[in-house]
Amino acid sequence: MELINQTWSLLKKEILLEWRSKYAFNGVLLYVVSTVFVCYISFNLTPGFEGSSGYPVAWNVLFWIIMLFASVNAIAKSFMQESKSRLLYYYTIASPQAIILSKTIYNVLLMSLLSILALLIYEVFFTKTLGDPLFYFLSVLLGAISFSTVFTMISAIASKAGNNGTLMAILSFPVIIPVILVLIHLSKNAMDGLDRSVNYSNIGVLCLINVIVIATSLLLFPYLWRD
């Protein structure tokens with residue numbers, strides 16, 4: 001019960017700080033809108049391109065590339081932006097499990113909201129009919145959760161290594177590549193309107209990756225926190 005109370009208090013603090021500054025939300029939303037618009041203009045100016053409704057594979061892959069970099073911009077600074085004095089204060093009032101859980105839940109909420117808005121913006125420019133809109137929406141939410149759990153854990157590790165951005169890129173690469181491949185395959189099936197049963201294995205893989213990452217975070221972060 002104490003862990004739940006601490007996690008809830010820290011989560012409310014994260015939401016309140018973001019509500020006051022809106023730094024991460026506005027910055028990433030601006031990035032998504034501008035990137036989608038630039039891609040739309042570039043595609044329509046390319047000779048031989050069929051317009052915004054053509055090349056569904058490129059449409060789908062481009063969306064996940066944009067969301068990947070948006071996730072990095074939104075989540076990478078989860079721990080890096082915290083000052084040493086604030087981290088020391090957290091050390092005295094909360095357990096390390098509560099801190100990593102609150103950061104993960106906050107990033108999941110933030111990325112879920114941004115992903116939904118990004119999908120709506122993407123649909124405005126790239127008007128491609130989805131074969132199974134509900135399942136594509138589900139894949140977007142799963143992608144937001146997966147990006148959040150992975151980058152939160154990597155951000156925590158990198159923050160204890162001198163905020164080394166290069167280290168974060170190296171550590172996240174072997175984890176995020178399988179996630180991206182599964183998400184592209186899952187969302188492409190949803191775009192084609194295939195039977196939902198063919199996607200259950202992909203959903204299971206994503207859920208398993210998230211469980212492993214969260215469990216690893218809970219086990220590893222207390223040791224990092226002591227340093």
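My aim in this report is to walk through the structure given alongside it, one point at a time.

Parameters at a glance
- Residues numbered from 1 in each chain as written.
- Predicted model: local features only at pLDDT ≥ 70, side-chain atom pairs only at ≥ 80, totals over all residues.
- Heavy atoms only, no water.
- Helix = DSSP H or I, 4+ residues; strand = E, 2+ residues; numbered from the N terminus.
- Buried < 20%, exposed > 50% of the residue type's maximum accessible area, 1.4 Å probe, protein only.
- Contact = heavy atoms within 4.5 Å.
- Phe/Tyr/Trp six-rings, centres within 6.5 Å; stacked < 30°, edge-to-face > 60°.
- Polar contact = N/O pair within 3.5 Å; in protein donor to acceptor, adjacent residues only side chain to side chain.
- Expected span 1.5 Å × (residues − 1).
- Patch = residues over 30% accessible without salt bridge, like charges linked within 9 Å, V, L, I, M, F, W, Y side chains within 5 Å.
- Areas by Shrake-Rupley, 256 points an atom, 1.4 Å probe, with all protein chains shown as cover.
- Salt bridge = Lys/Arg side-chain N within 4 Å of Asp/Glu carboxyl O.
- Axes fitted to C-alpha atoms, helices over the stretch in contact; angles between N-to-C directions.
- Parallel < 35°, antiparallel > 145°, perpendicular 65-115°, else oblique.
- Left-handed = near helix turned anticlockwise from the far one by under 90°.
- Nonpolar A, V, L, I, M, F, W, Y, C, P; charged D, E, K, R; others polar.
- Arc of directions from axis to C-beta.
- Core = buried A, V, L, I, M, F, W, Y, C linked by side-chain atoms within 4.5 Å.

1. Focus: the overall build of the protein
Of regular secondary structure, the protein possesses eight helices and zero strands. The secondary structure elements of the protein, listed N-terminal to C-terminal, are α-α-α-α-α-α-α-α. In the protein, buried positions account for 45% of the 227 residues. In the protein, 84% of the contacts between residues at least 6 apart in sequence involve partners at least 24 apart.

2. Some thoughts on the environment of Val213
By the element assignment, Val213 lies in helix α8 (residues 200-226). Remark: the alpha-carbon pair of Val213 and Ile154, spanning 59 residues in sequence, is separated by 9.8 Å.

3. Quick notes on the packing of aromatic side chains
Inspection of the entire model under this criterion finds five aromatic pairs. Residues Trp64 and Phe147 carry aromatic rings whose centres are separated by 6.3 Å and whose planes lie at 75° to one another, so their mutual orientation is edge-to-face. Taken together, the positions of Trp64 in helix α3 (residues 56-75) and Phe147 in helix α6 (residues 133-159) put the pair 83 residues apart, joining distant regions of the chain. Grouping residues by exposure puts Trp64 and Phe147 together as buried. The rings of Phe63, Trp64, Tyr122, Tyr136, Phe147 and Phe151 are connected pair by pair, giving a single aromatic cluster.

4. What to know about the side chain of Ser217
You can see Ser217 is positioned in helix α8. Here Val213 takes part through its backbone oxygen, which lies 2.8 Å from a polar atom of the side chain of Ser217. Excluding residues that lie within four positions of it along the chain, Ser217 makes contacts with Ile100, Met153 and Pro222.

5. Remarks on α6
Relative to the 39 Å expected for 27 residues at 1.5 Å per residue, α6 spans 38 Å between its end C-alpha atoms, a close match to the ideal helical length. Across the 27 residues of α6, 20 count as buried, placing the element largely inside the fold.

6. Notes on a nonpolar patch on the surface
On the surface, Ile15, Ile105 and Leu109 cluster together into a nonpolar patch covering about 240 Å² of accessible area. Within the secondary structure layout, Ile15 lies in helix α1 (residues 2-21).

7. A look at the packing of α1 against helix α5 (residues 96-125)
Close contact between α1 and α5 brings their axes to 8 Å; oriented N to C, the two are set at 45°. Here α5 runs oblique to α1, going by the angle between their axes. In this structure, the crossing between α1 and α5 has a hand that is right-handed. Across from Leu3, Gln6, Thr7, Leu10, Leu11, Glu14, Ile15 and Glu18 in α1, the residues of α5 making contact are Gln97, Ala98, Ile99, Leu101, Ser102, Lys103, Ile105, Tyr106 and Leu109. A per-class count over the contact of α1 with α5 returns ten nonpolar, four polar and three charged.

8. Overview of α1
One full turn of an α-helix is made of 3.6 residues, so residues set three or four places apart face in the same direction. In this model α1 runs 29 Å from its N-terminal to its C-terminal C-alpha over 20 residues, within 8% of the 28 Å that 1.5 Å per residue would give. Listed in full, the buried residues belonging to α1 are Gln6, Thr7, Leu10, Leu11, Glu14 and Glu18. One side of α1 holds all its buried residues, which, seen down the axis, span an arc of 130°. Relative to its buried face, α1 has exposed residues pointing more than 90 degrees away, namely Glu2, Trp19 and Arg20.

9. Here's the deal with the nonpolar core
Membership of the largest hydrophobic core comes to 52 residues, with the highest contact counts inside it found for Phe63, Trp64, Tyr122, Phe126, Tyr136, Phe147 and Ile176. Sorting the residues of this core by element identifies α2 (23-45), α3, α5, α6, α7 (165-192) and α8 as the ones contributing at least two each. Per-element accounting of this core gives the leading share, eleven residues, to α6. Formed by eleven residues, the second largest nonpolar core is a distinct cluster that contains Phe79, Tyr90, Ala98 and Trp225.

10. As for the side chain of Asn199
Inspection of the secondary structure assignment puts Asn199 in the loop between α7 and α8. Judged by its relative accessible area of 1%, Asn199 falls in the buried class.

11. Looking at the environment of Ser148
The topology assignment puts Ser148 in helix α6. Judged by its relative accessible area of 0%, Ser148 is buried. In the structure, Ser148 is positioned 41 residues away from Asn107 in sequence and 5.5 Å away in space, judged by C-alpha atoms. The contact partners of Ser148, leaving out residues within four places of it in the chain, are Ile75, Asn107, Val108 and Met111. Among the polar contacts listed, one links the side chain of Ser148 to the backbone oxygen of Asn107, at a separation of 3.0 Å.

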